[in-house]
Amino acid sequence: APQRSSNFDNRFIGPGETLVLAEIAGPAVIQHIWLTFPGPEPSWLGKDGNADHSELVLRMFWDGAAEPAVEAPVGDFFAAGFGKRAAVNSAPITVEGGDAYNCWWPMAFFRSARIQITNESDKPLNAFYYQIDFTRFESLPEDTLYFCAQYRQEFPTASGRDYLILDAEGRGQYVGTVLSVRSRSPEWFGEGDEKFYIDGEKHPSIQGTGTEDYA
């Protein structure tokens, strides 16, 4: 590993490789995650280009779980879909200049956390920088919730059928959705009403006025 006093503070992630960003003992709460890395176009950091952020998959595991509570491409997790870089300014997510990725969601765990990123591109990621800030506690309340995020996509979506955004069980709180839509024709896609079915409802408790209003 590089010496702390050196300036060799980035990581190389080859095609198909996984880099573990953090293994943290709890109880603790992650307060901030920061990432930055070169764009996919050829540059001095890669004459043939780099993996783009839709090809980098972020996974987070809480308390020794076998399945990740967070599993999503980096771009979509940070609210930029289709592999396109974009500036984002919101309370939980900030992407400065389209290439400095900040996550402010608090993420609590009782015993342990593991955060990793996998390069699923056929190109390497030649310079990856990151920082994860967390606070340790003597204990956490027993009813503390885990942060979860799951990616899914459908192309093309089926005409006349609702697109499923989330199907979750258990006690929890829905905090939001990143929704990226690409039209297959010049027709407007935005009149699909969002619908929330809670605790087995046959009719939605919440039904909105269209995708463009929900998003």
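Conventions we followed
Residues numbered from 1 in each chain as written. Predicted model: local features only at pLDDT ≥ 70, side-chain atom pairs only at ≥ 80, totals over all residues. Heavy atoms only, no water. Helix = DSSP H or I, 4+ residues; strand = E, 2+ residues; numbered from the N terminus. Contact = heavy atoms within 4.5 Å. Areas by Shrake-Rupley, 256 points an atom, 1.4 Å probe, with all protein chains shown as cover. Disulfide = S-S within 2.5 Å. Buried < 20%, exposed > 50% of the residue type's maximum accessible area, 1.4 Å probe, protein only. Phe/Tyr/Trp six-rings, centres within 6.5 Å; stacked < 30°, edge-to-face > 60°. Lys NZ or Arg CZ within 6 Å of the ring centre and 35° of its normal. Salt bridge = Lys/Arg side-chain N within 4 Å of Asp/Glu carboxyl O. Patch = residues over 30% accessible without salt bridge, like charges linked within 9 Å, V, L, I, M, F, W, Y side chains within 5 Å. Pairing = 2+ DSSP bridges.

K.L.:
Would you mind going over the overall build of the protein chain in detail, with residue names and values included?
P.N.:
The helix and strand inventory of the protein chain stands at two helices and 14 strands. Counting only C-alpha atoms, the protein chain reaches 60 × 50 × 30 Å along its principal axes. For the protein chain, long-range pairs separated by at least 24 residues make up 69% of all intrachain contacts whose partners lie at least 6 apart in sequence. Surface accessibility of the protein chain: about 13600 Å² in total, with carbon and sulfur atoms responsible for 50%.

K.L.:
Account for the state of the cysteines, with residues named and values stated.
P.N.:
Covalently bonding the sulfur atom of one cysteine to the sulfur atom of another cysteine gives a disulfide. Using the criterion set out here, one finds zero disulfides in the structure. Cysteine Cys103 remains unbridged, with the sulfur of Cys148 as its closest cysteine sulfur at 13 Å. Take Cys148: its relative accessible area is 52%, and that puts it in the exposed class.

K.L.:
Account for the packing of aromatic side chains, with residues named and values stated.
P.N.:
This structure, assessed with the given rule, holds 10 aromatic pairs. Ring geometry for Trp105 against Phe147: centres 5.6 Å apart, planes inclined by 35°, an arrangement best described as tilted. Of this pair, Trp105 sits in the loop between strand S8 (100–103) and strand S9 (107–109) while Phe147 sits in the loop between strand S11 (125–136) and strand S12 (149–150); the two residues are 42 residues apart in sequence, bridging distant segments of the chain. When the ring of Phe110 is compared with that of Tyr146, the centres are 6.2 Å apart and the planes differ by 85°; the resulting orientation is edge-to-face. Taken together, the residues Phe110 in the loop between S9 and strand S10 (112–119) and Tyr146 in the loop between S11 and S12 connect sequence positions 36 residues apart. Here the aromatic residues Phe37, Phe77, Phe78, Tyr101, Trp105, Phe128, Tyr130 and Phe147 are joined through ring pairs into a cluster of three or more. Here Arg114 stacks its cationic end above the ring of Phe61, 4.2 Å away from the centre of that ring.

K.L.:
Break down the pattern of salt bridges for me, with residues and values.
P.N.:
Side-chain pairs of opposite charge can arise where the charged atoms are in close proximity. With the rule as written, the count across this model stands at six salt bridges. Two residues, Glu154 and Arg161, come together in a salt bridge whose shortest N-O distance is 2.6 Å. A relative accessible area of 25% means that Glu154 is categorised as partly exposed. Overlapping salt bridges, with partners in common, bring together Arg59, Glu71 and Glu120 in one network.

K.L.:
Got a sec to walk through a nonpolar patch on the surface? Specific residues and values, please.
P.N.:
Together, Ile165, Leu166, Tyr174, Leu179, Val181, Trp188 and Phe189 give the surface a local cluster of nonpolar side chains, amounting to about 630 Å² of exposed area. Here Ile165 is to be found in the loop between S12 and strand S13 (195–196).

K.L.:
So what about the sheet that holds strand S2 (residues 18–25)? Which residues, and what values?
P.N.:
Backbone-to-backbone hydrogen bonds pair the strands of a sheet. The strands run either parallel or antiparallel. Across the sheet, which stays open at both edges, the five strands sit in the order S2-S10-S4-S5-S12 with mixed pairing between neighbours. The open sheet has two free edges, formed respectively by S2 and S12, since each of these has just one partner strand. In the sheet, S2 pairs with S10 via seven bridges, with the strands oriented antiparallel. Looking at the pairing, Leu19 lines up with Ile117 of S10.

K.L.:
Kindly report on unusual backbone geometry, identifying the contributing residues and their values.
P.N.:
That bond from Gly26 to Pro27 is cis: its omega, 0°, falls within 30 degrees of zero. Structurally, Pro27 can be placed in the loop between S2 and strand S3 (28–36). Even without being a glycine, Ala79 presents a positive backbone phi close to 70°. Structurally, the position occupied by Ala79 is in the loop between helix H1 (74–77) and strand S6 (88–89). The backbone of Asp199 sits at a positive phi, close to 55°, despite the residue not being glycine. In this structure, Asp199 sits in the loop between S13 and strand S14 (206–207). On the basis of relative accessibility, which here comes to 79%, the residue Asp199 falls in the exposed class.

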